[in-house]
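# Coordinate inspection notes
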Amino acid sequence: MPTRGESNKQPPAVRAVDPALAEVKFLTVAEVATVMRVSKMTVYRMVHGGELPAVRVGRSFRVPEKAVHDYLRGAFIEAG
């Protein structure tokens, strides 16, 4: 029986992490803006518009680094 101030709560169960997900590197909106040389508002618009996938973490967003590189790769145009 727990004494005063102690709890008999069990620690949260540890869930297995998908190995593929463990390798994903996430960037903040500010980091994405720096890489793309745009404003943070532009990144937010891209996320809300579905152009750039993101994960909501609390009140902020995290964007997979690969998604940023894929977007930039697809955005290149041939000039000529």
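Here, every reference points to the structure presented above.
It should be emphasised that the depicted structure is a prediction, and the values quoted were computed from it without experimental measurement.

Turning our attention to the pairing of strand β3 (residues 60-64). When strand β1 (residues 26-28) meets β3, the two strands line up antiparallel, connected through 3 bridges. Residue pairing for β3: L27 is matched across the bridge by V63. As defined by bridge partners, strand β2 (residues 55-57) adjoins β3 across 3 bridges and the pair is classed as antiparallel. Directly across from R56, in β3, lies its bridge partner F61.

Our focus in this paragraph is unusual backbone geometry. In the Ramachandran plot, R37 falls in the positive-phi region, its phi being about 60 degrees despite a non-glycine side chain. Along the polypeptide, R37 turns up in the loop between α2 (29-36) and α3 (40-48). Taking the relative accessible area as the measure of exposure, R37 reaches 79% and is therefore exposed.

On to the packing of α2 against helix α4 (residues 65-75). Relative placement of two packed helices is described by the angle separating their axes and the distance separating the axes. It is at 11 Å that the axes of α2 and α4 come closest, and there the two elements cross at 30 degrees. When the axis of α2 is compared with that of α4, the two are roughly parallel. Read as a crossing pair, α2 and α4 show a hand that is right-handed. Between α2 and α4, the contacting residues are V32, V35 and M36 on the first element and V68, Y71 and L72 on the second. Across the contact of α2 with α4, the residue classes break down as 6 nonpolar, no polar and no charged.

With that settled, consider the sheet that holds β3. Ordered by their spatial adjacency, 3 strands build an open sheet running β1-β3-β2, and the pairing between neighbours is antiparallel. Sheet topology places β1 and β2 at the edges, where each strand pairs with a single neighbour. Between one strand and the next, the sheet's axes are offset by a mean angle of 40 degrees, whatever the strand orientation. With respect to the sheet, α2 is in contact with β1 and β3, its orientation differing from that of β1 by roughly 90 degrees.

What follows concerns α2. Those residues of α2 lying buried are V29, V32, A33 and M36. Within α2, the buried residues cover an arc of 100 degrees as seen down the axis, which keeps them to one side. R37 sits one or two residues past α2 and shows a positive phi near 60 degrees.

Of note, L52 is situated in the loop between α3 and β2. Since its relative accessible area comes to 2%, L52 is described here as buried. Each C-alpha atom of the pair L52 and A67 lies 6.8 Å from the other, and the pair is 15 residues apart in sequence. L52 has contacts with V32, V43, M46, V47, V63, A67, V68 and Y71, leaving out every residue within four places of it along the chain.

About the thresholds
- For every chain, the first residue of the written sequence is number 1, and numbering continues from 1 along that sequence.
- Predicted model: local features are reported for residues with pLDDT of at least 70 only, side-chain atom pairs are reported and counted for 80 or more only, and whole-chain, interface and lining totals are derived from all residues.
- To get the side-chain values, all heavy atoms of the structure are used, and hydrogens and water are removed first.
- Only when DSSP finds a minimum of two bridges between them are two strands counted as paired.
- Each helix is a run of DSSP H or I of at least 4 residues and each strand a run of E of at least 2, with the numbering of both proceeding from the N terminus.
- To sort residues, take the accessible area from a 1.4 Å probe on protein chains only and compare it with the maximum for the residue type: under 20% means buried, over 50% means exposed, and anything in between is partly exposed.
- Each axis is a line fitted through C-alpha atoms, and for a helix only the stretch in contact is used; angles between axes span 0 to 180 degrees, taken between their N-to-C directions.
- Should an angle lie under 35 degrees it is considered roughly parallel, over 145 roughly antiparallel, and from 65 to 115 roughly perpendicular; all remaining angles are considered oblique.
- Should the near helix be turned anticlockwise from the far one by less than a right angle, the crossing is termed left-handed; should it be turned clockwise, right-handed.
- Any two residues whose heavy atoms approach within 4.5 Å are treated as being in contact.
- Amino acids are sorted into nonpolar (Ala, Val, Leu, Ile, Met, Phe, Trp, Tyr, Cys and Pro), charged (Asp, Glu, Lys and Arg) and polar (every other residue, Gly among them).
- Summarising the geometry, the arc corresponds to the directions from the helix axis toward the C-beta atoms.

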